[in-house]
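Residue-level structure breakdown
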Amino acid sequence: MEESYLRKEKVKISYASMLAIMVLLSCLDNIEVLNSALHIFHYFYIIRYVLIILLFMSYVVKRKRTTIITNLIVIFFVWIIAMTIRKQGDYMVAMQVISRPVLVVITLDFYRSKLKKVLMPWKNICLILVLLDVISMIIFPNGLYATDLYGINWFLGYKTARYEYIMPLVLISLYLSYGKREKIDFQTITICVISLFTMWYSQATAAFLSLALLIVVILLDNFKDLFKQSINIFYIIFSRKYIVILYILANLALFSIGQLPIVQSFVINVLHKDATLTTRTTLWAKIFMYISKSPMFGNGYLNFEQFVYITKNPYAGSAHNLMIRILISVGFLGLILFFTIISLGLPEKKEKKVLNKQYFTFLIGIVSTLIVGLTSDSLFLSFFYFSIVQLAFLQKKF
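All of the points below concern the structure found in this document. Because the structure is a prediction, the values reported are computed rather than measured. (Residues numbered from 1 in each chain as written. Predicted model: local features only at pLDDT ≥ 70, side-chain atom pairs only at ≥ 80, totals over all residues. Heavy atoms only, no water.)

Moving on, we get to unusual backbone geometry. Despite not being glycine, K312 shows a phi value in the positive range, around 60°. On the secondary structure map, K312 appears in the loop between α14 (304-311) and α15 (322-345). Positive phi, close to 60°, is recorded for H320, a residue that is not glycine. Tracing the chain through its elements places H320 in the loop between α14 and α15. (Helix = DSSP H or I, 4+ residues; strand = E, 2+ residues; numbered from the N terminus.)

Structure (structure tokens):
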């Protein structure tokens, strides 16, 4: 009887891992190399639709409820689709793109009591992809292929594109490492070094700095016992109130860079960028004019061509800022919803003394991805972006 039960339990765990593999593989259709080599990747969104339906049916059959953060994230994405339909945009493409993060979020929520069984195969898949990216950099130092927009691309694409896979790889590796022990293992350190190398070599400045910040803070947190700290100073800095306020102020400073010499000096001397952030400030001004047409509810999903039309720049196919991308997509009300979602993953004052290392990993992940969002919106609809906040929330609750 007991042996039969164990066999049944093993089947359940095996099913969770197999489903996790199918989920992530179905999300790889945004890798240009794979899309070009195998046209079947163009239809992977159908697999995502099927998996989403199956998961929703599983909720009904098992009478399982979704968590509040999952509900809010799904509402956020439904809002984008609704605004796309309202503005007569390409809602079919919007659904295909949005199905990636929605599927991942629902999978994590459904298996929130078995996260290891889902995250382990995801880590292995991301590791394979990142290693292939490194190999392509070594074999083709001047780029694996070129496009009309980006002259140098490797296996995972242009500069910040690889961050979509590097960030989950690093965070999941740290999470699983802390699950075994309270220290980082050698494999995780190696993964961090490789990840830093790829971001540095691809010259993705903001992504490299944010990843470096994550790794440095994690290392300092690991050695905090040497300084005999009773409460980690980072838990005080990275609180709900400070992060949201500082992030809004940082964005406002960038938007007003022309009137703030100190910000100009930082951008020029530290980030080694020009005062317009490679013409971003000019693009933002034009996008803000477009946002003013529907400031409260947004315009839904916008593709590359639509951004080019708005900015009047053939190379500006995105907002190049997370907050601006949210504003143009779902308006000010949607931005409030976004910060509500982010806040659920951040610690309150009373929680600071009981935060564990696994939660702290995702907390720093939230901060790092927000930093990337200052000059890039490439992570906005990536498969893992909202899941970082979701995992932070789940670590506080389970």
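The next thing to look at is the nonpolar core. In terms of nonpolar packing, the biggest core is built from 119 residues, with F76, W122, F338 and F386 touching the most fellow members. Of the residues forming this core, the biggest block, 14 residues, is contributed by α15. Beyond its immediate chain neighbours, meaning those up to four positions away, F76 contacts I326, V330, G334, L337, F338, I341, F380 and F386. (Core = buried A, V, L, I, M, F, W, Y, C linked by side-chain atoms within 4.5 Å. Buried < 20%, exposed > 50% of the residue type's maximum accessible area, 1.4 Å probe, protein only. Contact = heavy atoms within 4.5 Å.)

Turning to a positive patch on the surface, a few remarks are in order. Among the surface-exposed residues, K116, K117, K180 and R181 lie close enough to one another that they form a single positively charged patch. With respect to the helices and strands, the residue K180 is situated in helix α7 (residues 163-180). (Patch = residues over 30% accessible without salt bridge, like charges linked within 9 Å, V, L, I, M, F, W, Y side chains within 5 Å. Areas by Shrake-Rupley, 256 points an atom, 1.4 Å probe, with all protein chains shown as cover. Salt bridge = Lys/Arg side-chain N within 4 Å of Asp/Glu carboxyl O. Lys, Arg positive; Asp, Glu negative; His and termini not counted. Charge placed at Lys NZ, Arg CZ, Asp CG, Glu CD.)

A few words on the packing of aromatic side chains. Tallying each qualifying case throughout the model produces 21 aromatic pairs. Taking the centre distance of 5.0 Å and the plane angle of 85° together, the rings of F110 and Y111 count as edge-to-face. Exposure class is identical for F110 and Y111. Each is buried. Each ring, one from F197 and one from W200, has its centre 6.1 Å from the other, and the planes form 45°; the classification is tilted. In this pair, F197 and W200 both sit in helix α8 (residues 186-201), three residues apart, roughly one turn of the helix. On the basis of relative accessible area, W200 is assigned to the exposed category, the value being 52%. Among the aromatic side chains, those forming a connected cluster through ring pairs are F76, F77, F338, F339, F380, Y385 and F386. When the ring centre of F110 is taken as origin, the NZ or CZ atom of K64, which lies over that ring, is 4.6 Å away. Above the face of the Y309 ring, K312 is positioned so that its terminal group lies 4.7 Å from the ring centre. (Phe/Tyr/Trp six-rings, centres within 6.5 Å; stacked < 30°, edge-to-face > 60°. Lys NZ or Arg CZ within 6 Å of the ring centre and 35° of its normal.)

Function-wise, these values are silent; they only describe arrangement.
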